[in-house]
Amino acid sequence: MLATKLDTLDAILEQHSDALGADLTPYRNHAYRVINLCAALSSDEPARLEKMQIAVAFHDLGIWTDRTFDYLVPSLQRAHAYLTTHNREWQPEIEAMILEHHKLRTYRAQPDWLVEAFRRADWVDVTYGARAFGLPRSLVRDLFARYPDTGFHRRLVQLTLQRTASHPFSPLPMMRF
């Protein structure tokens, strides 16, 4: 079932709307696509869906809140503060989801956690479904139709080019092996 109204995600993004600025809608659409892809790769059971909302809200947020392309730690710190404030006991799993979402290889440490499904979902979205991990291409097309790119991927390319120009020996600091 397609997740179309995600209150936790929307509330977190609204709290950071000033930092996101014109990228609020593109980031929100990316987040909705990733959650739906993650649910398709795992399940949309309510507790899992809540974890996905928190992780996806913060996973790239440091790009805008801390104005850095080396954003995993700032994103993780903001997620940690949120989880602490809201008395959530999911910190290890959500922190792993954020830290490992750009991992190139399969995440195997905690197979019952959402980390691998989340990692794959983000890769599916970032590659427009070129890496589909067995998901139907029609699902990816439907999600991009419902939640259009609105410049998200173009923004990622711009940020990558800026980072490459300023840090040619570390252009993609968020990548993990």
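Keep in mind it's a predicted model, so treat the numbers as computed, not measured. (Residues numbered from 1 in each chain as written. Predicted model: local features only at pLDDT ≥ 70, side-chain atom pairs only at ≥ 80, totals over all residues. Heavy atoms only, no water.)

A.B. asks: Lay out unusual backbone geometry with the relevant residues and their values.
C.D. replies: With the exception of glycine, the majority of residues adopt a negative phi angle, and the majority of peptide bonds are in the trans configuration. Unlike most non-glycine residues, Tyr-128 shows phi in positive territory, near 55°. Relative to the assigned elements, Tyr-128 resides in the loop between helix 8 (115-126) and helix 9 (137-146). Its identity is not glycine, yet Thr-150 carries a phi of approximately 45°, on the positive side. With respect to the helices, strands and loops of the structure, Thr-150 is situated in the loop between helix 9 and helix 10 (152-166). (Helix = DSSP H or I, 4+ residues; strand = E, 2+ residues; numbered from the N terminus.)

A.B. asks: Would you mind going over the environment of Glu-95 in detail, with residue names and values included?
C.D. replies: Looking at the element boundaries, Glu-95 is found in helix 7 (residues 91-99). Through-space distance from the C-alpha of Glu-95 to that of Leu-83 is 10.0 Å; in sequence the pair is twelve residues apart. In contact with Glu-95, not counting residues within four places along its chain, are Leu-76 and His-80. (Contact = heavy atoms within 4.5 Å.)

A.B. asks: Mind laying out the pattern of salt bridges, listing which residues take part and the relevant values?
C.D. replies: With the rule as written, the count across this model stands at nine salt bridges. With a shortest N-O distance of 3.1 Å, Arg-28 and Asp-10 are connected by a salt bridge. Of this pair, Arg-28 sits in helix 3 (residues 24-41) while Asp-10 sits in helix 1 (residues 7-15), and the two are 18 residues apart along the sequence. Exposure remark for Asp-10: the relative accessible area of 22% places this residue in the partly exposed category. Measuring nitrogen to oxygen at the nearest pair gives 3.3 Å for the salt bridge that ties Glu-50 to Arg-88. One end of the pair, Glu-50, is in helix 4 (residues 46-58); the other, Arg-88, is in the loop between helix 6 (72-85) and helix 7, and 38 residues separate them in sequence. Given the relative accessible area of 32%, Arg-88 is considered partly exposed. (Salt bridge = Lys/Arg side-chain N within 4 Å of Asp/Glu carboxyl O. Buried < 20%, exposed > 50% of the residue type's maximum accessible area, 1.4 Å probe, protein only.)

Coordinates in, geometry out; function isn't part of it.
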